[in-house]
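# Structural features, examined
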Amino acid sequence: MLLDDILKKVQNGELSVEAAKQQLSAFEDLGFAKVDHDRKKRQGFPEVIYGEGKSSEQIIAIANAMLQRKDQVLITRISVDKASEVQHSIPQLVYHEQARILYWVQDFHKKDQSQQYIAIIAAGTSDIAVAEEAAVTAEVLGCPVHRIYDVGVAGIHRLLFHAEEIQNAVASVVVAGMEGALPSVVGGLVSHPVIAVPTSVGYGANFNGLSALLTMLNSCASGISVVNIDNGFGGGYNAALIHKLSERGQHNENTLS
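This structure is a prediction, so every number in the text was calculated from the model and none was measured.

For the structure on display, the rule yields 5 salt bridges. Between E133 and R77 there is a salt bridge, with the nearest N and O atoms lying 2.8 Å from each other. Highlighted residues: E133 in helix α6 (residues 128-140) and R77 in the loop between β4 (73-76) and α5 (80-89), separated in sequence by 56 residues. Classification of R77 as buried rests on a relative accessible area of 17%. When the shortest N-O distance is used, the salt bridge between D150 and R158 registers 3.4 Å. The exposure class of D150 is partly exposed, given its relative accessible area of 32%. Classification of R158 by relative accessible area gives partly exposed; the value is 28%. What emerges from the salt-bridge pattern is a single network uniting E132, E139 and R147.

In structure tokens form, the structure reads like this:
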């Protein structure tokens, strides 16, 4: 809600001073949660709701508080059943089952894929759920995304087939389990930031993703950052920040020219 709208409602007696103060505050106290309405102004993107561990009722209350401010809503790690309960109360929310993401964006549409984009790269089909969490996160945050899946190091020719497409991205999110070698290979091919996402995919000595995490942390390729195991959201969010800076830089260049 815009500042002018709030002030007019106070003037017309449609809104109390206390209610106006609540709407204008940096956060809204729901008792069990403090919704950070000021985050978009500070960080560029609104607060994201982590769905795991929260009840449907809590998620509904937080999402409604955000919708009243006309913010986009992004809820991660939410099960099918819980998402269905939330959608019953807020039907405009869209659920992406593979990514386990529930979202709403006003006038949401996928951007022109020929513009600056983020490459989301998955080593194997078993890594796609985490890759989709990264991809959908980036899309909800307004970034074009190119998905490049099942291109792990076991068949390196599959990755090289997409080399030019990957090199033209502004950032790559590389998702891999098993031995976690794929980000190092991609890092040696590109001149942009690579965000490595280890997954818990693998056999026993994989230690639920720990081996992939350590491989990525010990990569000899430059320009690689690593997020936590199965943290597709973190990879997608960081890539979206890079994409936003890239767009700003391009806009400044166009303005100067």
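This part is about the pairing of strand β6 (residues 101-104). In β6, alternate side chains face the same way, and those of I101 and Y103 on one face and L102 and W104 on the other are all buried. In terms of strand pairing, β4 meets β6 through 3 bridges, oriented antiparallel. Looking at the pairing, I75 lines up with L102 of β6. Two strands pair when backbone bridges link them, and strand β5 (residues 94-96) and β6 are joined in this way by 3 bridges, in the antiparallel orientation. Paired with Y95 across the strands is L102, a residue of β6. Where β5 folds back onto β6 in an antiparallel hairpin, the turn is made up of 4 residues, including R100, whose phi is positive at roughly 55 degrees.

One way to put it is that helix α4 (residues 56-68) packs onto α5 with a least axis distance of 9 Å and a crossing angle of 45 degrees. As the angle between them shows, α4 and α5 are arranged oblique. Where α4 crosses over α5, the two elements pack in a sense that is right-handed. Taken together, the residues of α5 that come into contact with α4 (itself represented by S56, I59 and I60) are K82, E85, V86 and S89. Each residue belonging to the contact of α4 with α5 can be placed in one class, and the counts come to 3 nonpolar, 2 polar and 2 charged.

All of the buried residues in α5 are K82, A83 and V86. For α5, the angular spread of the buried residues around the axis is 100 degrees, confining them to a single face. Exposed residues pointing more than 90 degrees away from the buried face of α5 are listed as D81 and H88. Elements in contact with the buried residues of α5: α4, β5 and β6.

Where helix α10 (residues 210-217) is concerned, the buried positions are A212, L213 and M216. Each buried residue of α10 sits inside an arc of 100 degrees when the element is viewed along its axis, so together they form one side. Residues of α10 that are buried make contact with β9 (171-176), α9 (182-187), β10 (194-198) and β11 (224-226).

Rules used in this analysis
Residues numbered from 1 in each chain as written. Predicted model: local features only at pLDDT ≥ 70, side-chain atom pairs only at ≥ 80, totals over all residues. Heavy atoms only, no water. Salt bridge = Lys/Arg side-chain N within 4 Å of Asp/Glu carboxyl O. Helix = DSSP H or I, 4+ residues; strand = E, 2+ residues; numbered from the N terminus. Buried < 20%, exposed > 50% of the residue type's maximum accessible area, 1.4 Å probe, protein only. Pairing = 2+ DSSP bridges. Axes fitted to C-alpha atoms, helices over the stretch in contact; angles between N-to-C directions. Parallel < 35°, antiparallel > 145°, perpendicular 65-115°, else oblique. Left-handed = near helix turned anticlockwise from the far one by under 90°. Contact = heavy atoms within 4.5 Å. Nonpolar A, V, L, I, M, F, W, Y, C, P; charged D, E, K, R; others polar. Arc of directions from axis to C-beta.

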